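Residue strings, one per chain:
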Amino acid sequence: MNIKSRYGRSSPPLKIREVHCYLVAPPGGLAGAESPSLVIQLIGPEGLEGWGEGRTGWSKAELPSRQQALAALLVDRSAFEIEELSTLELLRHPGLRSAVEMACWDLIGKRLGEPVCHLWGGRFRSHVPLGARLPRWDPTGNLVAFAREIAEEGFHTLLLPTTAYLELDLQQLAALRPAAAHRCRVYLDAAGQYAPPDAQDLCAGLESQGLHGLIDPFSSSDLYAFASFARQTFLPIGLHRCLGSLQQVFGAVRSGAGAFLVLDADLLGGMTMLRKAVAVAEAAGVPVLLHEAGGVGIRLAALVHLSAAISFLDQPCFTYAYRGGWEPLCQGLEIVEGMAAVPDTPGWGVEIAPAKLEEWQSG
């Protein structure tokens, strides 16, 4: 079946001509970022570029051989073959699969002359709310002032990672609430660091703090354990790291394990699977927040397009807070007062500056 562009012309085959891989991170590092991002660049016909981003844990030393294997797999395939690509053994790692698929969607949008959100049903909203994920630790000891600064910039949702020390976490949250001047919703991300009994003590201490939710209070793949835990506290419990497949998302909503879900394209293996997971949550009426893992801006742009296209995604998309303002590798995603404007140019609507890409490559 031929797909037509806005001008009515049938789209020619969108064959991938070249594959390039980069390991990149902001200069000087970003407090709390989980690892350097793998950036995938796909070159299509007439020099079209598609960009994707994911987490893989690759090292710089293995990058050349990884790129060679990926090029052997992808070159001369069509970027439209997204569902087929997701089944290939070489792309079994969900972060890599997500980065490749993301780059394919960017190529498709540019070939058709449309923002990707238009390919996913249209633009429901022009601006997407963002939540600011604070650093897990602050070497300046000035986390409260930083939170106040973020709140004054217009972010209405803050995410505070725990330290895994009960008293310190309770003290840090108590100090944070006045700093946000009650203008922000505050979530706490325990990242599965607590044992279940200690997580119960944490919840008991948090119930009077006005917290909007606690994410991943302990580490488990047993969704019914989370469901049982959630029945023992008034605090809304959110699930994130255990949701690595559509089956697990089904299980979470069926068991009532989470009052809300925090969905992650890198865990689920791409934007297509993420869209399916959102549809499951929407059918069950379980709120969804999206998670962006402190990358270089490409993945955040993709999540903004997804939020723009799905009316149900009215909760914030969490991204890392940057001191001194958000200056991503890519240009084209405008963030003002805690809201991201949905780009209206084809693909993700972002551009990568070669000089900046060179500067950000991980050593």
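The notes below deal with the structure included here. As the structure is a prediction and not an experimental result, all values here were calculated from the model.

**Here's the deal with helix H8 (residues 223-230)**
Those residues of H8 that sit buried are Leu223, Phe226, Ala227 and Phe229. Projected onto a plane normal to the axis of H8, the buried residues spread over an arc of 160 degrees and lie on a single side. Where H8 is buried, its residues contact helix H7 (196-206), strand S8 (237-239) and helix H9 (246-255). Capping the start of H8 is the job of one residue whose side-chain oxygen sits 3.0 Å from the backbone nitrogen of Tyr224: Asp222.

**Quick notes on the pairing of strand S1 (residues 18-24)**
Here S1 lies mainly inside the structure; five of its seven residues are buried. Pairing of S1 with strand S2 (residues 37-43), which is carried by seven bridges, proceeds in the antiparallel orientation. Residue pairing in the sheet places Cys21 in a bridge with Ile40 of S2.

**Quick word on the environment of Arg111**
Secondary-structure assignment places Arg111 in helix H3 (residues 94-112). On the basis of relative accessibility, which here comes to 15%, the residue Arg111 falls in the buried class. Taking the C-alpha atoms as reference points, Arg111 and Leu235, 124 residues apart in sequence, are found 47 Å from one another.

**Digging into the packing of aromatic side chains**
The full count for this structure, using the stated rule, is seven aromatic pairs. Plain terms: the ring middles of Tyr22 and Trp51 are 6.3 Å apart, the flat faces sit at 25 degrees to each other, and that makes the pair stacked. In this pair, Tyr22 sits in strand S1 while Trp51 sits in strand S3 (residues 49-54), placing the two residues 29 residues apart along the sequence. As far as burial versus exposure is concerned, Tyr22 and Trp51 are alike and both buried.

**Some details on the sheet that holds S3**
Two pairing modes exist for strands in a sheet, parallel and antiparallel, and in both the strands are linked by backbone hydrogen bonds. Reading across the sheet, the three strands line up as S1-S2-S3 and stay open at both edges, with antiparallel pairing between neighbours. Either end of the sheet is taken by a strand with one partner, and the two such strands are S1 and S3. Taken over all neighbouring pairs, the strand axes of this sheet differ in orientation by 20 degrees on average, direction set aside. Relative to S3, S2 runs antiparallel, the two being bridged by six bridges. The residue bridging Leu42 from the neighbouring strand is Gly50, located in S3. Running at roughly 150 degrees to S1, helix H1 (residues 63-74) makes contact with S1 and S2 of the sheet. Helix H12 (residues 298-309) contacts S2 and S3 of the sheet and is inclined by roughly 100 degrees relative to S3.

**Describing the pairing of S2**
Counting buried positions over the seven residues of S2 gives seven, a clear majority of the element. Where burial is concerned, the two faces of S2 agree: the one with Ser37, Val39, Gln41 and Ile43 and the one with Leu38, Ile40 and Leu42 are both buried.

**Topic: the pattern of salt bridges**
Under the criterion given, the structure shown has 15 salt bridges. Asp264 is the partner of Arg55 in a salt bridge, and the nearest nitrogen-oxygen pair spans 2.7 Å. Linking Arg55 in the loop between S3 and H1 with Asp264 in the loop between strand S9 (260-263) and helix H10 (265-268), this pair joins segments that are 209 residues apart in sequence. Exposure class is identical for Arg55 and Asp264. Each is buried. One salt bridge in this structure joins Lys110 and Asp106, with 3.2 Å as the shortest N-O distance. Pair noted here: Lys110 and Asp106 are both in helix H3, with a separation of four residues, about one helical turn. Taken individually, Lys110 and Asp106 each receive the classification buried, so the pair is uniform in this respect.

Cut-offs and rules
Residues numbered from 1 in each chain as written. Predicted model: local features only at pLDDT ≥ 70, side-chain atom pairs only at ≥ 80, totals over all residues. Heavy atoms only, no water. Buried < 20%, exposed > 50% of the residue type's maximum accessible area, 1.4 Å probe, protein only. Helix = DSSP H or I, 4+ residues; strand = E, 2+ residues; numbered from the N terminus. Arc of directions from axis to C-beta. Contact = heavy atoms within 4.5 Å. Polar contact = N/O pair within 3.5 Å; in protein donor to acceptor, adjacent residues only side chain to side chain. Pairing = 2+ DSSP bridges. Phe/Tyr/Trp six-rings, centres within 6.5 Å; stacked < 30°, edge-to-face > 60°. Axes fitted to C-alpha atoms, helices over the stretch in contact; angles between N-to-C directions. Salt bridge = Lys/Arg side-chain N within 4 Å of Asp/Glu carboxyl O.

Any functional reading would require information that these geometric values do not contain.
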